[in-house]
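Chain residues, written in single-letter form:
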Amino acid sequence: MRLILEKIEDLIEEESMVNQYGVRIYFLGSLKLLSKPVRLAAERAVVATSRNSKAVLSICLAYTSSDEILHAVQECCEEKWDEGSALESKGAGNGLLFLKGNKNDKSKPSIVVKDLEKNIYAAVAPDPDIIIQTSGETRLSNFLLWQSANCLLYAFGLGNLGFSKKFRLFEGEN
């Protein structure tokens, strides 16, 4: 944890590359699983770069796509429950019928894709245009599954070539 703490603190220094190039930082994942100093440093980095707008750097810590999607569904259910409870308290809810969705019900479902998308960890950042895997693996392995639906996946092993040379080769393909 000490290494990640040190790296996050390096990112928020005034003369760091993220500030020079106007990069906004987001941390994605179940940050409550991190130690308090790391979690606080991540929060400081998000605040310190909140005015940067030229690019976005999403850093995944304590992250899996299955956890992210589960989190989004849980948040949606809580929101819908709160909405229904508010209606119930005003006498407009009609029992538990506000949780629509049975097969005979022709009304709009209670939870729609937009609800999930606003509750995923990565809702704060744009979907990636490209995911670059330098290990040579060609599968995502529970990483950004929701966000990568329309994303280019470029996988290669670095071998003897440096990353920048490989990326220049990739750029030439387009």
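The name an unreviewed UniProt entry gives the protein is Dehydrodolichyl diphosphate synthase CPT3-like, with Coffea arabica as the organism.

> In this structure, what is going on with the overall build of the protein? I would like to understand it.
Counting its regular elements, the protein contains six helices and four strands. The N-to-C order of helical and strand elements in the protein reads α-α-β-α-β-α-α-β-β-α. Out of the 174 residues belonging to the protein, those deemed buried represent 28%. Across the protein, contacts joining residues at least 24 apart in sequence account for 62% of those joining residues at least 6 apart. Taken as a whole, the protein presents about 11700 Å² of accessible surface, with 54% of it coming from carbon and sulfur.

> Got a minute to help me understand the pattern of salt bridges in this structure?
A side chain of one charge can pair with a side chain of the opposite charge when the charged atoms of the two come close. In the structure shown here, the tally under the stated rule is four salt bridges. Across the pair Lys118 and Glu79 runs a salt bridge whose closest N-O atoms are separated by 3.5 Å. With a gap of 39 residues between them, Lys118 in helix H5 (residues 113-119) and Glu79 in helix H4 (residues 65-89) connect regions that are remote in the sequence. The class for Lys118 is exposed, based on a relative accessible area of 51%. On the basis of relative accessibility, which here comes to 25%, the residue Glu79 falls in the partly exposed class. Lys80 serves as the salt-bridge partner of Glu83, at 3.7 Å between the closest nitrogen and oxygen. Of this pair, Glu83 and Lys80 both sit in helix H4, three residues apart, which is roughly one turn of the helix. Residue Glu83 is classed as partly exposed on the basis of its relative accessible area, which comes to 44%. Looking at Lys80, the relative accessible area reads 18%, which means it is buried.

> Help me understand a negative patch on the surface in this model?
A surface patch of negative charge is lined by Glu6, Asp10, Glu13, Glu14 and Glu15. Mapping Glu13 onto the fold places it in the loop between helix H1 (2-11) and helix H2 (17-20). In this structure Glu13 comes out as partly exposed when scored by relative accessible area, which is 36%.

> So what exactly am I meant to see when it comes to the packing of aromatic side chains here?
Geometrically, a pair of aromatic rings is defined through the distance of the ring centres and the angle of the planes. A complete count under the given rule lists two aromatic pairs for this structure. Ring geometry for Tyr63 versus Phe143: centroids 5.9 Å apart, planes at 80 degrees, classification edge-to-face. Highlighted residues: Tyr63 in the loop between strand E2 (55-60) and H4 and Phe143 in the loop between strand E3 (130-133) and strand E4 (152-155), separated in sequence by 80 residues. Each member of the aromatic cluster is reached from another via a ring pair, and the members are Tyr63, Tyr121 and Phe143.

> Even after reading the chapter, I still don't get H4, so can you show me in this structure?
Note on helix geometry: an α-helix contains 3.6 residues per turn, so any two residues three or four positions apart are oriented the same way. In this model, H4 (25 residues) spans 36 Å end to end at C-alpha, consistent with the 36 Å of a helix rising 1.5 Å per residue. Buried residues of H4: Ser65, Glu68, Ala72, Cys76, Lys80 and Gly84, and no others. On its buried face, H4 is in contact with H5. One or two positions beyond H4, positive phi appears at Gly91, with a value near 80 degrees.

Conventions and cut-offs
- Residues numbered from 1 in each chain as written.
- Predicted model: local features only at pLDDT ≥ 70, side-chain atom pairs only at ≥ 80, totals over all residues.
- Heavy atoms only, no water.
- Helix = DSSP H or I, 4+ residues; strand = E, 2+ residues; numbered from the N terminus.
- Buried < 20%, exposed > 50% of the residue type's maximum accessible area, 1.4 Å probe, protein only.
- Contact = heavy atoms within 4.5 Å.
- Areas by Shrake-Rupley, 256 points an atom, 1.4 Å probe, with all protein chains shown as cover.
- Salt bridge = Lys/Arg side-chain N within 4 Å of Asp/Glu carboxyl O.
- Patch = residues over 30% accessible without salt bridge, like charges linked within 9 Å, V, L, I, M, F, W, Y side chains within 5 Å.
- Lys, Arg positive; Asp, Glu negative; His and termini not counted.
- Charge placed at Lys NZ, Arg CZ, Asp CG, Glu CD.
- Phe/Tyr/Trp six-rings, centres within 6.5 Å; stacked < 30°, edge-to-face > 60°.
- Expected span 1.5 Å × (residues − 1).

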